[in-house]
Amino acid sequence: MLRALLLESLHPVATSILRSDGVEVITRNGALDEAELAEALQGVHLLGIRSKTQVTERVLDQAPDLLAVGAYCIGTNQIDVSAAAHRGVAAFNAPFSNTRSVVEITLAEIIALTRRLTERDKALHAGIWDKSAEGAHEVRGRTLGIVGYGNIGTQLSVLAEALGMSVVFYDSAEKLSLGNARRMHTLDELLEAADVVTLHVDGRDGNAGMFGAAQFARMREGAIFLNLSRGFVVDYAALRDHVLSGHIAGAAVDVFPDEPKRRGDAFESDLRGLPNVILTPHVGGSTEEAQEAIGQFVSGKLLQYVTHGSTTLSVNLPNLALDERTGSHRLVHLHRNTPGVLAGINKVLAEHEVNIEAQLLSTRGDLGYVVTDVGSDLGPDVCATLGTMSQTIRLRVLS
């Protein structure tokens with residue numbers, strides 16, 4: 001029986017989908033550190049996490065039974081995906097399932113900050129009636145600058161225009177402009193044009209520290225700043241300085257360089273206590289609708305991989321879309337991508353009089369992935385021979 005370990009309070013649907021397919025599921029509420037995770041993965045074939053659990057090379061080395069990791073979120077920078085691939089461990093995420101939730105909270109915070117609702121709310125809770133239009137603005141007619149024009153950025157672009165905002169965006173890759181959005185050729189050009197700047201970049205190493213004192217200084221006087229991407233992208237000490245100076249009129253931050261592992265843990269930040277600053281505990285994509293959709297999507301991908309060998313949308317293995325096998329058995333062979341591997345596999349099968357009914361090959365960098373459906377039983381010597389090929393990383397037989 002396959003065994004799965006699900007951490008970080010995943011939506012119950014993730015558990016129910018796996019269990020309905022016969023997988024034994026163990027759940028834990030919080031994240032685990034490296035040593036705890038390595039110990040917990042003994043005898044575990046599938047791992048489900050969110051953003052707090054770090055799946056390092058050391059952890060992977062101590063998890064020989066692990067077949068796949070599911071990141072029940074957008075980002076995968078918490079997983080050493082290269083080390084996983086070269087140990088035969090597939091990684092999947094949910095690149096689309098919570099985009100709407102992130103877009104909605106972004107729009108809500110833009111409106112709240114532009115109207116200074118945080119200050120009005122704080123005053124009333126303190127028993128002070130502070131009715132004033134000072135510092136409050138409509139978002140209609142203002143310019144939104146989106147840094148990172150991917151799945152979230154593009155959807156935000158469309159909805160912001162519906163609110164009457166003008167949209168400019170900057171992305172390091174060529175992207176199609178939606179609606180009336182205009183692409184800026186540089187980040188500085190965007191910062192000088194936007195009344196509101198919001199970050200929606202991915203977790204690649206090159207984005208670390210991309211937004212600091214120089215970028216805040218480039219922003220318009222009285223502009224609004226939001227980060228719902230990655231905590232390590234922004235210098236928050238510099239943001240604090242620009243908020244206190246009044247250059248930045250308000251900010252919303254959902255992600256931090258160091259985040260507590262468990263609900264209820266203490267939280268420290270340079271941004272605590274600042275005026276017109278909204279701090280949220282990495283909940284941009286945390287709606288019940290999004291978490292249910294993520295649970296369905298990622299659990300489905302894990303099951304498709306272990307039962308059919310399908311790697312569609314895997315972030316670290318060559319992608320093959322596969323349905324139920326056509327033969328008696330399916331050989332799934334992950335290998336180092338060198339010349340002659342496919343010929344070698346077929347030679348072994350031919351020598352053992354194993355007939356091939358269907359076969360697919362996909363490569364990705366230095367990795368190759370061959371899936372072969374065969375119409376006859378496989379003797380132990382066939383798998384032993386294929387397993388000892390110098391290029392073999394992992395061989396599985398699906399029956």
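Up top is the structure these notes are about.
Residues numbered from 1 in each chain as written. Predicted model: local features only at pLDDT ≥ 70, side-chain atom pairs only at ≥ 80, totals over all residues. Heavy atoms only, no water.

1. Focus: the packing of helix α12 (residues 341-351) against helix α13 (residues 380-387)
Packing of α12 against α13 brings their axes to within 10 Å, and their N-to-C directions diverge by 160°. In terms of axis orientation, α12 runs roughly antiparallel to α13. As α12 packs across α13, the resulting crossing turns out to be right-handed. Judged by residue contacts, Ile345, Val348 and Leu349 of α12 engage Val382, Thr385 and Leu386 from α13. Among the residues forming the contact of α12 with α13, the class breakdown is five nonpolar, one polar and no charged. (Axes fitted to C-alpha atoms, helices over the stretch in contact; angles between N-to-C directions. Helix = DSSP H or I, 4+ residues; strand = E, 2+ residues; numbered from the N terminus. Parallel < 35°, antiparallel > 145°, perpendicular 65-115°, else oblique. Left-handed = near helix turned anticlockwise from the far one by under 90°. Contact = heavy atoms within 4.5 Å. Nonpolar A, V, L, I, M, F, W, Y, C, P; charged D, E, K, R; others polar.)

2. Notes on the nonpolar core
Core analysis: the largest hydrophobic core is formed by 31 residues, its most contacted members being Leu6, Leu18, Tyr72, Tyr305, Leu317 and Tyr369. The leading source of residues in this core is helix α11 (residues 288-308), at six residues. By size, the runner-up hydrophobic cluster in this structure holds 30 residues, among which are Val168, Leu239, Leu271 and Val277. (Core = buried A, V, L, I, M, F, W, Y, C linked by side-chain atoms within 4.5 Å. Buried < 20%, exposed > 50% of the residue type's maximum accessible area, 1.4 Å probe, protein only.)

3. Quick word on the pattern of salt bridges
Inspection of the entire model under this criterion finds 16 salt bridges. One salt bridge in this structure joins glutamate 34 and arginine 58, with 3.0 Å as the shortest N-O distance. Residue glutamate 34 is found in helix α2 (residues 34-40), and its partner arginine 58 is found in helix α3 (residues 57-61); the two are separated by 24 residues along the sequence. A relative accessible area of 27% means that glutamate 34 is categorised as partly exposed. (Salt bridge = Lys/Arg side-chain N within 4 Å of Asp/Glu carboxyl O.)

4. A look at the packing of aromatic side chains
Using the criterion set out here, one finds seven aromatic pairs in the structure. Aromatic side chains phenylalanine 92 and tyrosine 305 sit 6.0 Å apart centroid to centroid with 55° between the ring planes, which places their arrangement in the tilted category. Taken together, the residues span a long stretch of sequence, with phenylalanine 92 in strand β5 (residues 90-92) and tyrosine 305 in helix α11 at a distance of 213 residues. Pair check on accessibility: phenylalanine 92 and tyrosine 305 agree, each one buried. Their ring planes at 70° and their centres at 4.8 Å tell us that phenylalanine 256 and phenylalanine 267 sit as a pair that is edge-to-face. Of this pair, phenylalanine 256 sits in the loop between β11 (248-253) and β12 (277-279) while phenylalanine 267 sits in the loop between β11 and β12; the two residues are 11 residues apart in sequence, bridging distant segments of the chain. Among the aromatic residues, those joined into a cluster by ring pairs are Phe211, Phe216 and Phe225. When the ring centre of tyrosine 305 is taken as reference, the NZ or CZ atom of arginine 396 above it lies at 4.5 Å. (Phe/Tyr/Trp six-rings, centres within 6.5 Å; stacked < 30°, edge-to-face > 60°. Lys NZ or Arg CZ within 6 Å of the ring centre and 35° of its normal.)

5. Let's talk about the side chain of serine 314
Mapping serine 314 onto the fold places it in the loop between α11 and β13 (329-336). With relative accessibility at 5%, the residue serine 314 sits in the buried group. When near neighbours in sequence (up to four residues on either side) are disregarded, serine 314 contacts Ala90, Ala91, Phe92, Asn319 and Arg364.

6. Here's the deal with the sheet that holds β12
The strand order across the open sheet built from seven strands is β8-β7-β6-β9-β10-β11-β12, with neighbouring strands paired in parallel fashion. A strand with exactly one partner marks an edge of an open sheet, and here the two such strands are β8 (182-183) and β12. The pairing of strand β6 (residues 143-147) with strand β9 (residues 196-199) spans four bridges and is classified as parallel. Its bridge partner lying in β9, isoleucine 146 is registered against threonine 198. Contacts from helix α10 (residues 236-245) reach β10 (223-227), β11 and β12, with the element oriented near 145° to β11. (Pairing = 2+ DSSP bridges.)

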